[in-house]
2 protein chains.
Amino acid sequence: MTSPLRLGIAGLGTVGVGVVRIIQQQADLLELRTGRRIEISAVSARTRDKDRGVDLSDYAWEDDPVDLARRDDIDLFVELMGGDAGPAKESTEAALAAGKDVVTANKAMLAHHGQALAETAEAAGRVIRYEAAVAGGIPVMKALTEGLAGNEISRVMGVMNGTCNYILTQMQATRQGYDALFAEADKLGYLEADPNLDVGGIDAGHKLSLLASVAFGTQVDFEAVALEGIQSVTLEDIDAAADMGYRIKLLGVAQITGRGLEQRMSPCLVPANSPLGQLEGGTNMVVIEGDSVGQIVLRGAGAGEGPTASAVLSDVIDIARGLRLPTFGQPATTLRRARAATAAVPAPYYLRMQLLDKPGALAKVAAVLGDAGVSIDRMRQYGHADTSAPVLIVTHKVTRTALDEALEAMETTSVVEGTPVAIRIEEVD
Amino acid sequence: MTSPLRLGIAGLGTVGVGVVRIIQQQADLLELRTGRRIEISAVSARTRDKDRGVDLSDYAWEDDPVDLARRDDIDLFVELMGGDAGPAKESTEAALAAGKDVVTANKAMLAHHGQALAETAEAAGRVIRYEAAVAGGIPVMKALTEGLAGNEISRVMGVMNGTCNYILTQMQATRQGYDALFAEADKLGYLEADPNLDVGGIDAGHKLSLLASVAFGTQVDFEAVALEGIQSVTLEDIDAAADMGYRIKLLGVAQITGRGLEQRMSPCLVPANSPLGQLEGGTNMVVIEGDSVGQIVLRGAGAGEGPTASAVLSDVIDIARGLRLPTFGQPATTLRRARAATAAVPAPYYLRMQLLDKPGALAKVAAVLGDAGVSIDRMRQYGHADTSAPVLIVTHKVTRTALDEALEAMETTSVVEGTPVAIRIEEVD
């Protein structure tokens, strides 16, 4: 009989309670699958006296998660408090120093301090696992680190913030603007305390930086993620994109090019009939492209008690079974510092502009684009009763730099009203 | 420095060559990710003198895979010959007896002999891994056995035969019948030597039986899979299904009910806007439903050199990294023998019948259905110039037994021409 695996759980919010619940309700199943008893020794949270809907009376209580992390009667420290620094980081470091393994759902902490924590853990012979940090219940870190480990990865993409995808798909479905849907999401409790984490793309950007590290063997580099939120996406663009066979998603893309590692988290157009385009509501999706496997798509709930707790448990189970891998899939000391490449990969772009009703206006626009090396794939001009008309253009592949030059030159033509909207089209099956 | 992991590869068809290619081309990447050198010591195949497009000159050659399996200079036996018995099984048993781990892509062998092989392996302290046996490049065995191991699984579904899905989607796209598309698939080399393995659902049924074992902790029981191929699917049904918002797929479904384990591999209707409904061509998809995680969808290439070799490599890498799990996720001796339940789970059905142009014909049909306890959700009657008219019915949930009674009674009404078509509608988001 193998000894039980003893957990200390710090953080008893939705996810922490979900983890306690699974361990209590599925104790026998977990033992059957791991060959060990999985037990909770102690817990910690900000408030002790609170009915959380689970019985915690069998577990020791610690007010301070650092004390919890150091307890002799735990083997594994489960960090579910969140926050990139402060108690989460302090207690994680304390756990590693005390010889404990760590499971965490904390994407912010790993995005900011992943390299240092991984080096500390590996020097101490400890593991850090974080399946729950990326795309909730989808076992994507496992798929990338293990299931597809025979592949050289060429690109990883993901819709990994359910709130943003909910807002964008509801805009299209209900014909309401961004502000109205933002207010609704807020009322439904879908937003983080700092909503910019969601709608500004930061939360999803954290996740992308972790995926990129494992995919490309590079040091996690969140600062290098080109972030753009969904705040400026208009119903007009959603409609125009739909009209041309696209959907607008807050899409994360990481890929290695000759120029370095490109990481973007921004609104993109994707084909309406692709798996990414068909993703509605709060569901998450990750698309992984490898040299041997081709394209793998993973889809599931990106948040919520059950899905996130399921991901935490998968890490706990791996550790119970004796699986010990480096944090980012290869030793932290071998991870390369990738040069950050910004928009180095050319892509087609969607452009929307308001064209004044002047003779030769369209020809001028086409000339400006042509001069900057931007060629037009498709164009659509809508009827108008006004003095200006909306024009939609889909370009052929172009670098963002060339496009920006063209857009700047556009201002001098005096035939375009306001600033043109430009959104990248991510090419994906 | 850890010692290298030394492979013996039996079978040098598409997949075997793919595995050799990855090990040769990605040697450094594999070493970085596993901490060990992955080497090939010896290979075996039916024909030695054949240009396979890879250099095999560094490897010892064995004519007999059993001899290969017993060689002292291999740690891991990679079985890629196929066939449920014969050399594949003999050499696998020889490898286990000689203290080697086994990686195989052989769904037929495991579907028929998985329990015995798992017991043998576990008694000898060896592992058998078979990611490549199910859904090609999709890391689904890993997702189920590890990534979702904290879940009690309620249902597993899959479109896992690319050839069948190709034929069905091409029927709809090209307006050709089954026979024409079967001939085309044959010409394109998409069919197994015995095409019934594909179009009869056997190959996909093998895969389903393996998924079911891991999902429910039951002994693999391929004989209990209710098999129905796609040979009788007509363009008429594909069109009628589309007209009511469905697609017809060769869908595998495994679920545990109070009556036992239900395993079906048969043509089903699924909602056209669900991920399963949107799956076109040769791509595979597996849908897993767990009590905590909800629904997880995995999609990718189900066959081909690269994807299948990628899956083989993931098993090799796991073994190189020291991951050692029981074959079916829990010790083989603890797997239950599930009672086989046949169509115990009620479902809505799609019915198509040709109704004679007689007064009260429709009322008679409705009465027969009602008497058998089958209630009608939707009905559609098409215009007709003939003496009979096609009628489509979607029933509410009903057991297959009750439905069969109703269909039998239908014959006595003398208002229905020929035999009605009945296809299950699988309810899935």
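As recorded by an unreviewed UniProt entry, chain A carries the name Homoserine dehydrogenase and is attributed to Thalassorhabdomicrobium marinisediminis. Taken from UniProt, the Sequence similarities (unreviewed entry) comment for chain A reads in full: "Belongs to the homoserine dehydrogenase family."

Q: Lay out the interface of chain A and chain B with the relevant residues and their values.
A: Counting residues at the interface gives 47 residues for chain A and 47 residues for chain B. Buried surface at the junction of chain A and chain B, both sides included, amounts to about 3,800 Å², of which 52% is carbon and sulfur. If you sort the residues of chain A by the area they bury against chain B, A:Arg33, A:Arg299 and A:Arg321 come out on top, with a joint share of 17%. Ionic pairing is found between B:Lys142 and A:Glu146, a salt bridge with its closest N-O pair at 2.7 Å. Remark: the boundary between chain A and chain B carries 18 residue pairs in polar contact (both at pLDDT 80 or more). Those elements that place two or more of their residues in the side of chain A that touches chain B are α2 (27–34), α6 (140–147), α10 (202–216), β12 (294–301) and α12 (305–320) of chain A. In terms of residue class, the side of chain A that touches chain B is built from 23 nonpolar, 16 polar and 8 charged. When β12(A) meets strand β12 (residues 294–301) of chain B, the two strands line up antiparallel, connected through 3 bridges. Residue pairing across strands places A:Val297 opposite B:Arg299, the latter belonging to β12(B).

Q: Tell me what's going on with helix α6 (residues 140–147) of chain B, and back it up with residues and numbers.
A: The α-helix advances 3.6 residues per turn, and as a result positions three or four apart in sequence lie on the same side. In terms of residue burial, α6(B) counts as a mostly covered element, since 8 of its 8 residues are buried. For α6(B), the full list of buried residues reads B:Val140, B:Met141, B:Lys142, B:Ala143, B:Leu144, B:Thr145, B:Glu146 and B:Gly147.

Q: An account of the packing of helix α7 (residues 162–174) of chain B against helix α8 (residues 178–187) of chain B is needed here, citing residue identities and associated values.
A: Residues and elements named next belong to chain B. Between α7 and α8, the shortest axis-to-axis distance is 9 Å and the interhelical angle comes to 130°. Considered as vectors, α7 and α8 are oriented oblique to each other. Every pair of crossing elements has a handedness; the one defined by α7 and α8 is right-handed. Here α7 contributes Thr163, Tyr166, Ile167, Gln170, Met171 and Thr174 to the contact with α8, which in turn contributes Tyr178, Leu181, Phe182, Glu184 and Ala185. Here the residues of the contact of α7 with α8 are counted per class, giving 7 nonpolar, 3 polar and 1 charged.

Q: Any chance you could break down the pattern of salt bridges for me, citing the residues and the numbers?
A: Pairing between side chains of opposite charge can happen when their charged atoms approach one another. Throughout the structure, instances matching the rule amount to 56 salt bridges over all chains. Salt-bridge contacts for B:Lys397 lead to B:Glu427; the nearest nitrogen and oxygen are separated by 3.3 Å. Of this pair, B:Lys397 sits in the loop between β15 (388–395) and α14 (400–410) while B:Glu427 sits in the segment after β16 (416–424), and the two are 30 residues apart along the sequence. Each of A:Arg129, A:Lys142, A:Glu146, A:Asp315, A:Asp318, B:Arg129, B:Lys142, B:Glu146, B:Asp315 and B:Asp318 takes part in salt bridges that share partners, so that together they form one network.

Q: Explain the UniProt feature "binding site: L-homoserine" (unreviewed entry) in chain A to me, and be specific about the residues and the numbers.
A: All names here are of chain A. UniProt records the feature "binding site: L-homoserine" (unreviewed entry) at Glu192, using the numbering of this structure. Examined against the element boundaries, Glu192 turns out to sit in the loop between α8 (178–187) and α9 (196–199). Ignoring sequence-local partners within four residues, the contact set of Glu192 consists of Leu197, Asp198 and Asp203.

Q: Outline the pairing of β15(B), listing residues and values.
A: Residue and element names in this part refer to chain B. Of all 8 residues in β15, 7 are buried, a share of seventy percent or more. In the sheet, strand β13 (residues 349–356) pairs with β15 via 7 bridges, with the strands oriented antiparallel. Across the sheet, residue Leu351 finds its bridge partner in β15, namely Ile393. Note: strand β14 (residues 376–381) against β15, 5 bridges, orientation antiparallel. Across the sheet, the residue bridging to Gln381 is Val391, located in β15.

Q: Explain the relation of the copies chain A and chain B to me, and be specific about the residues and the numbers.
A: Mapping chain A onto chain B calls for a screw motion: a turn of 180° about the axis and a shift of 0.0 Å along it, with 0.0 Å RMSD after fitting. What we have between these two chains is a two-fold relation. Nearest to the rotation axis, the C-alpha of A:Leu298 is located 2.4 Å from it, this being the minimum over chain A. A shared interface surface links the copies, since 100% of the contact residues of chain A are contact residues in chain B too.

Q: Got a sec to walk through the sheet that holds β13(B)? Specific residues and values, please.
A: Residue and element names in this part refer to chain B. As summarised here, the arrangement of the 4 strands in space is β14-β15-β13-β16, forming an open sheet in which the pairing is antiparallel. Unpaired on one side and paired on the other, β14 and β16 mark the two borders of the sheet. The mean inter-strand angle of the sheet, taken between neighbouring strand axes irrespective of direction, is 20°. Summarising the sheet, β13 and β16 pair through 6 bridges and their orientation is antiparallel.

Q: Tell me about the side chain of A:Arg33, and please be specific about residues and values.
A: Take A:Arg33: it is sitting in helix α2. For the buried A:Arg33, no salt bridge is present, and the opposite-charge side chain at shortest range is B:Asp291, 7.4 Å distant. Only 2.8 Å separates the side chain of A:Arg33 from the backbone oxygen of B:Ala149, close enough to count as a polar contact. A:Arg33 has contacts with A:Arg321, B:Leu148, B:Ala149, B:Gly150, B:Asn151, B:Val214, B:Ala215, B:Gly329 and B:Gln330, leaving out every residue within four places of it along the chain.

Q: Any chance you could break down a negative patch on the surface for me, citing the residues and the numbers?
A: On the surface, a cluster of negative charge is made up of A:Asp63, A:Asp64, A:Asp67 and A:Glu90. Examined against the element boundaries, A:Glu90 turns out to sit in helix α4 (residues 87–97).

Q: Explain the state of the cysteines to me, using residue names and the numbers behind them.
A: Counted under the stated rule, the structure contains 0 disulfides over all chains. There is no disulfide at A:Cys164, and the cysteine sulfur nearest it, in A:Cys268, is 13 Å away.

Q: So what's going on with the sheet that holds strand β15 (residues 388–395) of chain A? Which residues, and what values?
A: Each strand in a sheet pairs with another by means of backbone hydrogen bonds, the pair being arranged parallel or else antiparallel. Residues and elements named next belong to chain A. With antiparallel pairing, 4 strands are arranged side by side in an open sheet as β14-β15-β13-β16. A strand with exactly one partner marks an edge of an open sheet, and here the two such strands are β14 (376–381) and β16 (416–424). Adjacent strand axes in the sheet meet at a mean angle of 20° when their direction is disregarded. Against the sheet, helix α11 (residues 235–243) makes contact with β13 (349–356), β14, β15 and β16, and its axis sits at roughly 115° relative to β13, the strand it touches most. This element, helix α14 (residues 400–410), spans β13 and β16 of the sheet and lies at about 170° to β16.

Q: Tell me about the packing of helix α5 (residues 107–123) of chain A against α10(A), and please be specific about residues and values.
A: All names here are of chain A. In contact at an axis separation of 9 Å, α5 and α10 are set at 55° when each is read in the N-to-C sense. It follows from the interaxial angle that α5 and α10 lie oblique. Classified by chirality, the crossing of α10 by α5 is left-handed. The segment α5 lies against α10, with Lys107, Ala108, Leu110, Ala111 and His112 engaging Asp203, His206, Lys207, Ser209 and Leu210. A breakdown of the residues in the contact of α5 with α10 according to their chemical character gives 4 nonpolar, 3 polar and 3 charged.

Q: Residue-level account of the domain arrangement of chain A, with values.
A: Considered domain by domain, chain A is made up of domain 1 (5–104), domain 2 (140–301) and domain 3 (349–424). If you average the C-alpha positions of domain 1 of chain A and of domain 3 of chain A, the two centres end up 56 Å apart.

Cut-off values and rules
Residues numbered from 1 in each chain as written. Chains lettered and ligands numbered in written order. Predicted model: local features only at pLDDT ≥ 70, side-chain atom pairs only at ≥ 80, totals over all residues. Heavy atoms only, no water. UniProt positions renumbered as here; feature names shortened; annotations may be inferred. Contact = heavy atoms within 4.5 Å. Buried area = accessible area lost by both parts, 1.4 Å probe. Salt bridge = Lys/Arg side-chain N within 4 Å of Asp/Glu carboxyl O. Polar contact = N/O pair within 3.5 Å; in protein donor to acceptor, adjacent residues only side chain to side chain. Helix = DSSP H or I, 4+ residues; strand = E, 2+ residues; numbered from the N terminus. Nonpolar A, V, L, I, M, F, W, Y, C, P; charged D, E, K, R; others polar. Pairing = 2+ DSSP bridges. Buried < 20%, exposed > 50% of the residue type's maximum accessible area, 1.4 Å probe, protein only. Axes fitted to C-alpha atoms, helices over the stretch in contact; angles between N-to-C directions. Parallel < 35°, antiparallel > 145°, perpendicular 65-115°, else oblique. Left-handed = near helix turned anticlockwise from the far one by under 90°. Least-squares fit on C-alpha atoms with pLDDT ≥ 70 in both. Lys, Arg positive; Asp, Glu negative; His and termini not counted. Patch = residues over 30% accessible without salt bridge, like charges linked within 9 Å, V, L, I, M, F, W, Y side chains within 5 Å. Areas by Shrake-Rupley, 256 points an atom, 1.4 Å probe, with all protein chains shown as cover. Charge placed at Lys NZ, Arg CZ, Asp CG, Glu CD. Disulfide = S-S within 2.5 Å. Domains from an automatic or database assignment.

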